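Below, each chain spelled out in residue letters.
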Amino acid sequence: MDSKLLDLLAQRYDSEEEIVTAITNREAILHLPKGTEHFVSDLHGEYHAFQHVLRNGAGKVKEKIRDMFGDELSDQEMNEFASLVYYPEDKVKLIKVRMNNAQELNQWYTEIIDYMIRLLPYVSSKYTRTKLHNALPKQFAFIIEELLYKTGDHFNKEQYYTKMVQQIISLGQAEKLIVGLAYTVQRLVVDHLHVVGDIYDRGPEPDKIMDTLIDNHSVDIQWGNHDVLWIGAFAGSKVCLANIIRICARYANLDIIEGAYGINLRPLVNLAEKYYEDNPAFRPKLQNDEEMSDFEQIQITKIHQAIAIIQFKLESPIIKRRPDFQMENRLLLEKVDYDSDEITLRGQTYPLENTCFATVDPKQPAALLEEEIEVIDKLLFSVQHSEKLARHMNFLMKKGSLYLKYNGNLLIHGCIPLDEEGNMAEMTIGDQTYAGRELLDVFEKYVRHAFAHVKETDDLATDIIWYLWAGKYSSLFGKKEMTTFERYFIKDKQTHKEIKNPYYYLREKQEVCRDILTDFGLDPEQGHIINGHTPVKEIEGENPVKADGKMIVIDGGFSKAYQSTTGIAGYTLLFNSYGMQIVAHKQFTSKEDVLENGTDVLSVRRLVDKELERKKVLETNVGEELKQEISILKSLLEHRYTN
C-alpha cells in the first residue's frame, strides 16, 4: 500500500494500541451472527401501511416480545406492549387517558421501563455494545446503559437502580425515555432495510416514505419504474414529467405534485380550462373511501387530458431520433384519421372514443402549441427548483441503483430481459450491443449522467431514462409496449394488452435463475433473485416463491388499487442468520385500530431457505468491508511499528 496513504491513515490511529484494538474489534465482529435484513417492495405511496410494517419489523418485534415474555404476559398484554413499541407516543397518550390517578400512571411507567430494559438486551444480543450504544437515545444513554448492564446479583446497587427510575418519573421524563427505548427496539430488530423499487405512484404520500427512508439508519433502494420516472423528470426529461403528472391526475393524487413538492400547476390548469371539457375516459380513479365534488373531478379530468396529449406529443421526437429504441409503432398520433376518428394498428382499423384532440394539428400531430411549450417549460423549472424534491431525488441517487448484489443475492425491481429461449435479450445502443448485466450497467450509467446534467433535456441519457419507463428491453418495464393511448381511446380491450417479457414465465425455471445469477457474478447454488414489480395473485393460489426457491417475488400489493386482485396487502422478506422467511400481510386498517385493539397485519410466514449453519457477518457484504479494513490496518501496523 502507498506509504503516503498509510501516513495519512496514521493520523487517525496515533498509537500501536489503537491499531491493535481496531483490528481486534473488527476480527471479533466477523464472528457475530449476521443482522436481519428486511426486504420490501412496491410501496406505491402507501405511507401508513409501510410505516406499520417497518415499525413491527414484519412481525419480528412481536416475535421477540413473545419469546421474552410468553410465560409472563397474556396475549392481550403482549399485544398492548407490542403496540406501545410500534407507536410509543400515541400509546402513551392513550394510556394516560385510561389511568385514574398519577400513582397508577407512575406504576405503569415503572413496569414498562422494566419490560423495555429487559427486552433491549434480547433484541441486541448479536450486536456489539458500541452498536447498541449508538442506537440509544442520546439524552438517556448513560441511564439506560446503567440499567442494562446491572448484574444478576445487584444487592449493593438495588436502591441505586430503583432511585434512578424514580427520578426519571418524578422529573417528568418517563414518557420520553419509553419513546426512545421503543424506537431503539425497532431499530435493532431490523439491521438493514432493502426497498426493491416503486416508492412512487398511486398512493398519496410517497414524500413521507422518502422522509422515513432518509431517517433510516441503514437502507438501500433498487429503483422501480415509477422511481426512475420521477428521477427522469428531475433530470430534465419533459416526457417523464408529463407522465408523473398524468398518473397523479389519473389517481386523484395531484396534491403530491402541488402540495407535497410545491410545483405550480396553475399554467397547466389554465391550458386545460381553455381547451378541454369533461371526458369519462379521463375521470380520476377514486378508491371506495374517497369523496370528491363534481367540480373537482371535472377540473382534474381536464388537467388529465391536457397533460396526456402533451405526453403523446413529446414521445414522438424521441422515437424518431432514437431508432435503436425500435418504437416506431408507438407514433400513434400520426396513425389517427382525424376526419373519421379512427386509427389503424397492425393492419386493423379501430374507432376512437372519448377523443380530446383540440390541440392536435392533423398535419403535424406531434407539434406542441406555443402554450403547451410554455406550460411544460414552466413545470420543468418548478420541478427542478423544488428543494424538497431535490432532496428526495438526490437520496434516491445516493442510495439507489438498478440492481444490487447483497449477501449473495440479486435484488432487482423488474426483470432481466430475456428472449423466448431464455437467453439474455440484446439491445443495440449506438454501435454497441448489450445484454444481461452489461445492459443494466449501461442503463444505469446513462441515468446517472442525465441526473448530473439536468440542463440537457434532449440528449441520449435523458431519452434512455424515458426508455426505461416504456421500452421493450427495459429491465424496469418488462413488456413489449405500453398501451396507454389505446386504454384511453379504444374500446376493444384486445388492444390494451401489454405482452410481458419471457422473463416473467421463464423465472419459474431454476436453470434460468441460475444463469442470471451466474451472469451477475453470484453463486447459482447459494444465491436468490429477489424481485418486485408484478403483484402476486395469492387469492388465485400463486406462490411468491418460485424456481425451487431461487426466485422470490415480494410485490404482494401494498397499493390499495391492487389488493382486490392480490387478496393481500403486501409481501415482505426477512433474511437473518438462520435463513429466509417470506411474510404475507393482511390489509392495514389504521394506526388507531392497532392502538385500541392490538390488531396486527402479520398474516403468514413461510420458510424459504434455512441455513444449515448459522450465517455470520464474515459471510456478508459488511464482512467483506471489515476484512478489507483489517488488511489496511495490518499494513499500517507493519508500516509504523515493525520497520
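Treat the numbers as computed from the prediction; the structure is a model and nothing was measured.

All right, on to the overall build of the protein chain then. Of the regular secondary structure elements, the protein chain holds 27 helices and 17 strands. For the protein chain, the C-alpha radius of gyration of 28 Å lies close to 26 Å, the compact-globule estimate for 643 residues. A principal-axis box enclosing the C-alpha atoms of the protein chain has dimensions of 95 × 70 × 45 Å. Sequence-distant contacts, at least 24 apart, represent 72% of the contacts inside the protein chain between residues at least 6 apart. On the protein chain, the mean spot of the 77 positive side-chain charges and the mean spot of the 101 negative ones are 2 Å from each other.

Within this structure, the stated rule accounts for 21 aromatic pairs. The ring centre of Y149 lies 3.8 Å from the NZ or CZ of R129, which sits over that ring. A cation over an aromatic ring shows up here: K445 above the ring of Y446, its NZ or CZ 4.8 Å from the ring centre.

As summarised here, the arrangement of the three strands in space is β4-β5-β6, forming an open sheet in which the pairing is antiparallel. The outermost strands of the open sheet, each flanked by one partner alone, are β4 (336-337) and β6 (348-351). Both strand β5 (residues 342-345) and β6 contribute to a ladder of four bridges, which runs antiparallel. The residue bridging E342 from the neighbouring strand is P351, located in β6.

Attention shifts here to helix α16 (residues 266-275). Owing to its 3.6 residues per turn, the α-helix aligns residues three or four sequence positions apart on the same side. Considered for burial, the residues of α16 that qualify are P267, L268, V269, L271 and A272. Here the buried face of α16 lies against α14 (238-250), α17 (294-321) and α18 (370-384).

With that settled, the discussion passes to the sheet that holds strand β13 (residues 545-546). Pairing in this open sheet of five strands is mixed, and the strands run β8-β9-β12-β14-β13 from one edge to the other. Bordering the open sheet on either side are β8 (403-406) and β13, each of which pairs with just one other strand. For β8 and strand β9 (residues 409-412), the ladder comprises four bridges, and the chain directions are antiparallel. Bridged to Y403 within β9 is I412. Helix α20 (residues 436-452) rests against β8 and β9 of the sheet, and its axis sits at about 120° to β8. Where helix α24 (residues 510-519) meets the sheet, it contacts β9, β12 (529-531) and β14 (551-553), and its direction lies at approximately 100° from that of β12.

Locating V53 in the fold gives a position in helix α3 (residues 47-55). V53 sits in the buried class, given a relative accessible area of 3%. Residues V53 and S475, 422 residues apart in the sequence, show an inter-C-alpha distance of 27 Å.

Parameters at a glance
Residues numbered from 1 in each chain as written. Predicted model: local features only at pLDDT ≥ 70, side-chain atom pairs only at ≥ 80, totals over all residues. Heavy atoms only, no water. Helix = DSSP H or I, 4+ residues; strand = E, 2+ residues; numbered from the N terminus. Rg over C-alpha atoms; globule rule 2.2 N^0.38 Å. Contact = heavy atoms within 4.5 Å. Lys, Arg positive; Asp, Glu negative; His and termini not counted. Charge placed at Lys NZ, Arg CZ, Asp CG, Glu CD. Phe/Tyr/Trp six-rings, centres within 6.5 Å; stacked < 30°, edge-to-face > 60°. Lys NZ or Arg CZ within 6 Å of the ring centre and 35° of its normal. Pairing = 2+ DSSP bridges. Buried < 20%, exposed > 50% of the residue type's maximum accessible area, 1.4 Å probe, protein only. Axes fitted to C-alpha atoms, helices over the stretch in contact; angles between N-to-C directions.

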